[in-house]
There are 2 protein chains.
Amino acid sequence: MTYCVGLLLNEGMVLLADTRTNAGFDNISIYRKLYTFEEPGERVIAIMTAGSLSVTQTTLAKLREAIEDDDATPETSIMLAPTMLKVAEIVGARLAEVRAEVDQKLSAMQGASASLIVAGQRRGEGMRLFLIYPEGNFIEATEDTPFLQIGEHKYGKPILDRVVKPATSLADAQKAVLLSMDSTLRSNLSVGMPLDLVVIERDSCKVCFRRRIEAGDPGFRAMSEAWSAALRDGFARISI
Amino acid sequence: MTYCVGLLLNEGMVLLADTRTNAGFDNISIYRKLYTFEEPGERVIAIMTAGSLSVTQTTLAKLREAIEDDDATPETSIMLAPTMLKVAEIVGARLAEVRAEVDQKLSAMQGASASLIVAGQRRGEGMRLFLIYPEGNFIEATEDTPFLQIGEHKYGKPILDRVVKPATSLADAQKAVLLSMDSTLRSNLSVGMPLDLVVIERDSCKVCFRRRIEAGDPGFRAMSEAWSAALRDGFARISI
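Residues numbered from 1 in each chain as written. Chains lettered and ligands numbered in written order. Predicted model: local features only at pLDDT ≥ 70, side-chain atom pairs only at ≥ 80, totals over all residues. Heavy atoms only, no water.

Caption draft 1: Quick look at the relation of the copies chain A and chain B. Mapping chain A onto chain B leaves a residual RMSD of 0.0 Å; the transformation is a rotation of 180° accompanied by 0.0 Å of translation along its axis. The two molecules are tied by a two-fold rotation axis, judged by turn and shift. Proximity to the rotation axis, assessed at the C-alpha, singles out Tyr 155 of chain A in chain A; its C-alpha lies 2.4 Å from the axis. Of the residues that chain A buries at the interface, 100% are likewise interface residues in chain B, meaning the two copies contact each other through the same surface. (Least-squares fit on C-alpha atoms with pLDDT ≥ 70 in both. Contact = heavy atoms within 4.5 Å.)

Spelled out as structure tokens, the structure:
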């Protein structure tokens with residue numbers, strides 16, 4: 001399983017993804033699920049993936065191919081697309097194509113599916129955060145719903161529902177997504193470390209901070225233990 | 001949607017269910033999902049239901065009919081069954097039958113499904129807690145897994161994972177299931193008040209405490225607010 005979460009805040013965007021994938025229960029490995037594309041100061045795009053690795057890897061490969069193509073146009077390359085909306089459309093179209101191809105090959109089986117989070121900003125445009133469905137259609141984060149999740153999203157939603165607002169600071173937002181991931185890791189063993197964290201400050205149009213958090217990372221462990229202690233203390237103090 | 005949770009602890013069992021059902025998005029109503037059967041001091045059985053109302057209501061009606069039948073036997077009546085395992089088997093068999101019937105009628109549609117939690121004790125036997133799947137098979141709570149959930153179970157699992165152990169007191173257990181429900185109510189609006197809470201003390205073989213918590217219940221609201229405050233405080237104190 002996968003858990004990816006993206007926040008769209010006044011100060012910027014915060015993205016977090018795990019890296020565990022499994023092809024069957026006994027074939028578990030580590031694959032990056034958070035990809036970034038940037039022309040610093042001009043354009044930054046982050047894509048997070050959930051679902052069938054065969055679909056997400058091929059989709060990303062096709063997006064990269066289109067960027068590097070000598071005949072790349074604003075209609076095909078996400079690095080030339082005039083708006084983030086157009087980026088979301090290109091990504092959605094590639095995802096739907098790849099999914100249809102793979103589905104056809106797997107028709108006898110359950111079918112392969114995937115969903116993506118696309119986040120980014122182009123100079124002169126606002127920051128935008130999209131969730132792209134397997135069919136290629138998408139929804140966008142707003143003031144009222146400043147976060148989007150894909151994969152195993154439910155365990156980690158309560159903490160986000162409580163603390164994430166557009167005015168949340170980027171430091172608090174990093175804490176929130178890490179605690180949201182921590183709850184998910186505890187409740188579903190098939191979501192796993194290491195984690196990839198990316199922060200994009202508003203109007204910077206670049207990846208301002210990037211951190212890979214390995215299993216056993218002392219900072220993450222300390223935070224996780226402090227949160228457990230805070231929950232236990234809070235629980236003990238409440239009367240019914 | 002539904003959320004029901006049952007805890008099997010050293011001191012007894014704690015059961016909590018919501019009451020919201022919907023037949024389509026614009027037809028929402030209140031139905032009890034927690035049913036109890038008791039011969040105080042001799043036998044107590046609680047059943048919680050999730051899934052298609054047409055399946056769960058008919059299953060419960062058949063179980064009641066079998067209890068009241070003049071020809072009731074230990075093979076048909078959950079109030080005569082010699083063990084809780086037999087109770088789980090009878091309930092599973094009725095559920096599977098009803099589901100198959102309803103499924104046949106609905107074959108053109110998505111099909112109707114349901115799952116149940118069955119908890120109880122018969123004098124001389126231990127307390128037992130089962131989760132019965134739509135097909136009628138079941139699993140049982142153990143020392144390692146002292147709680148079972150049906151319905152919209154993920155939002156409320158992290159808190160249970162952290163605080164519920166077999167040695168948890170019944171007071172703390174009530175707090176834990178109510179906070180677990182509170183997280184679920186916040187994250188999924190289709191799970192809703194009022195709530196039904198039942199406590200069965202070990203070896204009492206009766207319902208020792210029963211409480212219906214209505215929307216706006218001041219105690220529940222105070223607990224919910226205290227928990228939000230504790231989470232916010234804990235969150236603010238943690239550094240990354």
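Caption draft 2: A look at helix H2 (residues 84-105) of chain A. All names here are of chain A. The end-to-end C-alpha distance of H2 is 32 Å, a good match for the 32 Å that 22 residues give at a rise of 1.5 Å each. For H2, every residue scored as buried is listed here: Met 84, Lys 86, Val 87, Ala 88, Ile 90, Val 91, Gly 92, Arg 94, Leu 95, Val 98, Arg 99 and Val 102. In the core, the buried residues of H2 are packed alongside strand S6 (43-51), helix H1 (53-68), strand S7 (114-122), strand S8 (128-132) and strand S9 (138-140). (Helix = DSSP H or I, 4+ residues; strand = E, 2+ residues; numbered from the N terminus. Expected span 1.5 Å × (residues − 1). Buried < 20%, exposed > 50% of the residue type's maximum accessible area, 1.4 Å probe, protein only.)

Caption draft 3: Geometry of the interface of chain A and chain B. Between chain A and chain B, the contact holds 33 residues from the first and 33 residues from the second. Interface area for chain A against chain B, summed over the two sides, is near 3,100 Å², with a carbon-plus-sulfur share of 66%. Its largest share of buried area at the contact with chain B, chain A owes to Arg 162, Phe 235 and Ile 240 of chain A, together 27% of the area lost on that side. Our count for the contact surface shared by chain A and chain B stands at four salt bridges. The salt bridge involving Glu 152 of chain A is made with Lys 154 of chain B; its shortest N-O contact spans 2.8 Å. Linking chain A to chain B there are 14 residue pairs in polar contact (both at pLDDT 80 or more). (Buried area = accessible area lost by both parts, 1.4 Å probe. Salt bridge = Lys/Arg side-chain N within 4 Å of Asp/Glu carboxyl O. Polar contact = N/O pair within 3.5 Å; in protein donor to acceptor, adjacent residues only side chain to side chain.)

Caption draft 4: Looking closely at the pattern of salt bridges. Residues and elements named next belong to chain A. Enumeration over the complete set of coordinates arrives at 32 salt bridges over all chains. We note a salt bridge from Arg 128 to Glu 140, for which the minimum N-O separation is 2.7 Å. Here Arg 128 is found in strand S8, whereas its partner Glu 140 is found in strand S9, with 12 residues between them in sequence. Overall, the relative accessible area of 31% leaves Glu 140 in the partly exposed class.

Caption draft 5: How the structure looks around the nonpolar core. Membership of the largest hydrophobic core comes to 64 residues, with the highest contact counts inside it found for Leu 7 and Trp 227 of chain A together with Leu 7 and Trp 227 of chain B. Once residues within four sequence positions are removed from consideration, Leu 7 of chain A is found in contact with Gly 12, Met 13, Val 14, Leu 129, Pro 146, Phe 147, Val 164, Ala 173 and Val 177 of chain A. (Core = buried A, V, L, I, M, F, W, Y, C linked by side-chain atoms within 4.5 Å.)

Caption draft 6: Focus on the packing of aromatic side chains. Inspection of the entire model under this criterion finds two aromatic pairs over all chains. Judged by centre distance (5.3 Å) and plane angle (80°), the ring pair of Phe 130 of chain A and Phe 138 of chain A falls under edge-to-face. Residue classification places Phe 130 of chain A among the buried positions, given a relative accessible area of 0%. The aromatic ring of Phe 235 of chain B is capped on one face by Lys 175 of chain A, whose charged end is 4.6 Å from the ring centroid. (Phe/Tyr/Trp six-rings, centres within 6.5 Å; stacked < 30°, edge-to-face > 60°. Lys NZ or Arg CZ within 6 Å of the ring centre and 35° of its normal.)

Caption draft 7: View of empty space enclosed by the protein. One pass over the full model with this rule turns up one cavity of 30 Å³ or more. The space that makes up the largest cavity amounts to roughly 210 Å³. Looking at the lining of the largest cavity, the elements that each hand over two or more residues are helix H3 (157-163) and helix H5 (218-237) of chain A together with helix H3 (157-163) and helix H5 (218-237) of chain B. For the lining of the largest cavity, the class distribution of residues is 10 nonpolar, two polar and two charged. (1 Å grid on protein atoms, 1.4 Å probe; cavity = no way out; pocket = protein on both sides within 12 Å on 5 of 7 lines; lining within 4 Å. Points joined across faces, edges and corners; volume = space filled by probe spheres on them. Nonpolar A, V, L, I, M, F, W, Y, C, P; charged D, E, K, R; others polar.)

Caption draft 8: Spatial organisation of the sheet that holds strand S12 (residues 209-213) of chain A. All names here are of chain A. Taken in spatial order, the five strands make up an open sheet running S10-S1-S2-S11-S12, and their pairing is antiparallel. Looking at which strands have only one partner, the edges of the open sheet turn out to be strand S10 (147-151) and S12. This sheet shows a mean twist of 10° between the axes of neighbouring strands, independent of strand direction. Pairing analysis gives six bridges linking strand S2 (residues 12-17) to strand S11 (residues 195-201), with the strands arranged antiparallel. The partner of Leu 15 across the bridge, within S11, is Val 198. Helix H4 (residues 170-187) rests against strand S1 (3-8), S2, S11 and S12 of the sheet, and its axis sits at about 20° to S2. (Pairing = 2+ DSSP bridges. Axes fitted to C-alpha atoms, helices over the stretch in contact; angles between N-to-C directions.)

Caption draft 9: Representation of the state of the cysteines within the structure. Under the counting rule described, the total for this entry stands at zero disulfides over all chains. In this structure Cys 208 of chain A is a free cysteine whose sulfur lies 9.3 Å from that of Cys 205 of chain A, the closest cysteine sulfur available. (Disulfide = S-S within 2.5 Å.)

Caption draft 10: Seen up close, H4 of chain A. For H4 of chain A, built from 18 residues, the straight-helix expectation of 26 Å at 1.5 Å per residue is met to within 8% by its first-to-last C-alpha distance of 26 Å. The element H4 of chain A is extensively covered by neighbouring structure, given that 15 of its 18 residues are classed as buried.

Caption draft 11: How the structure looks around a negative patch on the surface. Together, Glu 65, Glu 68, Asp 69, Asp 70 and Asp 71 of chain A give the surface a local cluster of negative charge. You can see Glu 68 of chain A is positioned in helix H1. (Patch = residues over 30% accessible without salt bridge, like charges linked within 9 Å, V, L, I, M, F, W, Y side chains within 5 Å. Areas by Shrake-Rupley, 256 points an atom, 1.4 Å probe, with all protein chains shown as cover. Lys, Arg positive; Asp, Glu negative; His and termini not counted. Charge placed at Lys NZ, Arg CZ, Asp CG, Glu CD.)

Caption draft 12: The sheet that holds S8 of chain A, seen in detail. Residue and element names in this part refer to chain A. Ordered in space as S5-S6-S7-S8-S9, the five strands form an open sheet in which the pairing is antiparallel. Lying at the two open borders of the sheet, with one neighbouring strand each, are strand S5 (34-39) and S9. Each strand axis lies, on average, 20° off the axis of its neighbour in the sheet, ignoring direction. Two strands pair when backbone bridges link them, and S5 and S6 are joined in this way by six bridges, in the antiparallel orientation. For Leu 34, the partnering residue across the bridge sits in S6 and is Met 48. Relative to the sheet, H1 contacts S5, S6 and S7, its axis offset from that of S6 by approximately 160°. The strands that H2 touches are S6, S7, S8 and S9; relative to S7, the one it contacts most, it runs at about 155°.

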